[in-house]
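Per-entry structural report
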Amino acid sequence: MAVREGNLEAPTRHPLDWQGADFYSEAKVFGELERVFDICHGCRRCVNLCTAFPKLFDLIDEGKTGELDGVEKSKYWEVVDRCYLCDTCYMTKCPYVPPHEWNVDFPHLMLRAKAVKFKQGGTSARDKLLSSTDALGKLATIPVVVQFVNAANKMPVARGVMDKVLGVHKDRVLPEYASAKFRANAKPDASFPVKDGKNTPGKVAIFATCYVNYNEPGIGHDLLKVLAHNEIPAIVVEKEACCGMPKLELGDLDAVAKLKEINIPVLARLAREGYAILTAIPSCTLMFKQELPLMFPQDADVKAVQAAMFDPFEYLVMRYKEGLLKTDFKAPLGKVAYHIPCHSRVQNVGQKTREMLELVPDTQVHTVERCSGHDGTWGVKSEFFDQSMKIGRPVFRLMAEKDPDYLSSDCPIAGRHIQQGIGESRAQKEHPLALLRIAYGL
Ligand code: SF4
Ligand code: SF4
């Protein structure tokens with residue numbers, strides 16, 4: 001039977017068989033890498049998405065045979081290490097994803113290879129440290145320590161040492177740690193009457209996330225202000241740990257499972273009590289919407305959380321369409337250069353942040369939908385910083401080209417990376433939730 005060139009059906013994703021007998025078998029993983037790399041060699045559609053594919057194609061083209069058999073297997077790791085699991089190749093390019101019989105899921109194959117490397121002890125201490133966002137945040141936000149960490153992050157001498165000893169690139173602009181954490185200082189207002197919409201629960205529980213809690217608490221406070229302005233009762237989830245995305249990206253799936261055991265029981269109870277659960281960081285939202293359900297396909301609690309989890313703008317636009325959101329905007333936003341991060345794109349909810357911001361009068365939103373090349377920690381690492389800036393270059397150019405008043409991305413890490421890539425600019429960087437708060441005059 002002839003093999004079809006591409007899928008006619010909608011893509012599906014197989015559960016991640018991480019507890020299966022063969023998952024950590026190096027021989028099986030290398031067999032699968034060989035199979036998929038060979039398909040990619042014949043296809044090459046993804047050549048400009050990131051540096052993983054160009055690396056693969058260079059290895060093949062510069063090998064003895066010009067085919068995959070001319071590439072030493074040990075070199076495969078150079079491809080694996082360049083993938084930061086943004087999912088873009090799977091979601092936007094690949095015609096061979098399931099249900100196509102070739103069954104290509106490049107990001108999840110990279111994840112499996114990373115998991116094998118982690119199990120074999122091949123993951124560096126630096127990578128383990130950078131993925132411990134909760135522990136780092138707790139340590140760095142201790143009074144006095146926080147001032148020291150923030151000052152050291154800006155000192156060239158300290159950054160030179162960090163580059164050499166830790167492998168954190170000296171030129172990467174790092175986020176500051178906040179002296180007042182979000183969870184300890186949040187003032188959610190749960191006093192409003194619950195008004196359920198046709199598709200939206202009328203009360204909200206906020207999963208703070210490590211980044212909002214420790215680095216940019218203002219994003220969480222802005223979300224609370226927007227919810228209160230719209231008389232939507234809100235609470236902050238009483239207990240939470242890291243969502244697990246940084247550990248997933250490292251291939252440390254046992255750590256992901258441990259974090260899931262902390263978060264899911266609390267969140268599942270809230271989901272069953274009728275709360276919409278909102279997280280303001282797209283990667284964390286995606287963890288609950290996609291990755292945990294693929295790791296735990298039979299877990300009813302994980303499914304309940306998946307169904308209750310919303311991107312904030314997905315929720316707000318749905319409320320607007322249900323006639324349950326105020327549009328009494330007081331301040332125009334002018335020209336907004338808005339970037340859609342990969343982990344928002346792959347949620348498949350459409351461009352909800354753009355739709356919301358375009359409701360603000362006298363506001364022009366210039367939307368850039370392309371990978372900025374940072375990822376959570378990948379673009380911070382000494383060996384990948386230059387590649388990260390190179391991948392981001394078209395995004396930097398597009399974001400700056402209309403002389404915007406604001407630069408904004410749903411992912412605050414991408415937002416900072418874009419600001420660094422643009423350099424000098426009169427544009428102010430604000431998270432979209434801050435823009436909404438400004439537009440409401442709050
Ligand atoms: S998931 Fe993203 S980083 Fe990884 S190979 Fe695909 S496009 Fe590149
Ligand atoms: S992931 Fe799919 S689209 Fe991309 S190069 Fe491989 S086969 Fe082609």
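Turning to the sheet that holds strand β1 (residues 203-206), a few remarks are in order. Spatially, four strands are ordered β2-β1-β3-β4 in an open sheet, and the strand pairing comes out parallel. Two strands lie at the open edges of the sheet, namely β2 (234-236) and β4 (309-310), each paired on one side alone. Pairing of strand β3 (residues 275-278) with β4 involves two bridges; the strand directions are parallel. Looking at the pairing, I277 lines up with M309 of β4.

Before going further, it helps to spend a moment on the site of ligand 1. Taken together, 13 residues lie near ligand 1, and C50, C83, C86, C89 and P107 sit nearest. Of all the elements in the fold, those that place two or more residues in the shell around ligand 1 are α4 (88-93) and α5 (106-119). Element by element, the count of residues in the shell around ligand 1 is highest for α5, at three residues.

At a closest axis distance of 10 Å, the pairing of helix α1 (residues 26-43) and α5 adopts a crossing angle of 150°. It follows from the interaxial angle that α1 and α5 lie roughly antiparallel. Where α1 crosses over α5, the two elements pack in a sense that is left-handed. Listed contacts from α5 to E26, V29, E32, L33 and V36 of α1 are F106, L109, R112, A113 and V116. The class makeup of the residues in the contact of α1 with α5 is seven nonpolar, no polar and three charged.

On to the domain arrangement of the chain, then. Buried accessible area, meaning the area lost when the parts come together, often serves as the stated size of an interface. Domain boundaries in the chain define domain 1 (26-119), domain 2 (182-240 + 248-318) and domain 3 (329-439). Centre-to-centre, using C-alpha coordinates, domain 1 lies 33 Å away from domain 2. The residue makeup of the side of domain 1 that touches domain 2, split by class, is five nonpolar, no polar and two charged.

Moving on, we come to the sheet that holds strand β5 (residues 334-339). The strand order β6-β5-β7-β8 describes an open sheet built from four strands, whose pairing is parallel. If you trace the sheet from one side to the other, it starts and ends with β6 (363-368) and β8 (428-429), each paired once. Here strand β7 (residues 406-409) runs beside β8; their pairing, made up of two bridges, is parallel. Residue pairing across strands places L407 opposite K429, the latter belonging to β8. Packing of helix α21 (residues 412-422) onto the sheet brings it into contact with β5, β7 and β8, and relative to β7 it is tilted by some 140°.

Near ligand 2 lie 13 residues; those nearest to it are C40, C43, R45, C46 and C94. Among the elements of the structure, α1 and α4 are those that each provide at least two residues to the shell around ligand 2. If one sorts the elements of the shell around ligand 2 by residue count, α1 sits on top with three residues. Among the residues making up the shell around ligand 2, the classes are represented as ten nonpolar, no polar and three charged.

Next up on the list: the nonpolar core. One broad trend across soluble globular proteins is that nonpolar side chains are buried collectively. By size, the foremost hydrophobic cluster in this structure holds 115 residues, and its most contacted members are V204, I206, L223, I277, L278 and V305. For this core, the element with the highest residue contribution is helix α14 (residues 253-272), accounting for seven residues. When sequence neighbours within four positions are dropped, the list of residues in contact with I277 reads A205, F207, L267, L270, A271, V305, A308, M309 and F310.

Quick notes on the rules
- Think of each chain on its own: its residues are numbered from 1, step by step along the sequence as written.
- Think of it this way: whatever chain is written first is A, whatever ligand is written first is 1, and the rest follow in order.
- Owing to the predicted nature of the model, reporting of local features is limited to residues with pLDDT of at least 70; listing and counting of side-chain atom pairs is limited to 80 or more, with chain, interface and lining totals taken over all residues.
- Criterion used throughout: strands pair if DSSP finds at least two bridges between them.
- Secondary structure follows DSSP: runs of H or I at least 4 residues long count as helices, runs of E at least 2 residues long count as strands, and numbering of each begins at the N terminus.
- In this analysis, residues qualify as near a molecule or strand once their C-beta atom, positioned from backbone atoms, comes within 6 Å of it.
- Axis definition: a line fitted to C-alpha atoms, over the contacting stretch in the case of helices. Angles run 0 to 180 degrees between N-to-C directions.
- Roughly parallel means an angle under 35 degrees; roughly antiparallel means over 145; roughly perpendicular covers 65 to 115; every other angle is labelled oblique.
- We call a crossing left-handed when the near helix sits turned anticlockwise from the far one by less than a right angle, and right-handed when that turn is clockwise.
- Each residue is represented by a C-beta atom placed from its backbone, and any two residues with such atoms within 7 Å are regarded as in contact.
- Ten residue types, Ala, Val, Leu, Ile, Met, Phe, Trp, Tyr, Cys and Pro, are classed as nonpolar, four, Asp, Glu, Lys and Arg, as charged, and the remainder, Gly among them, as polar.
- Each domain's extent is set by a domain assignment, obtained either automatically or from a database.
- By definition, a nonpolar core groups buried Ala, Val, Leu, Ile, Met, Phe, Trp, Tyr and Cys residues that connect through C-beta atoms lying within 7 Å of each other.
- Counting other C-beta atoms within 10 Å of a residue's own tells you its class, since 20 or more makes it buried, 12 or fewer makes it exposed, and anything in between is partly exposed; those C-beta atoms are placed from the backbone.

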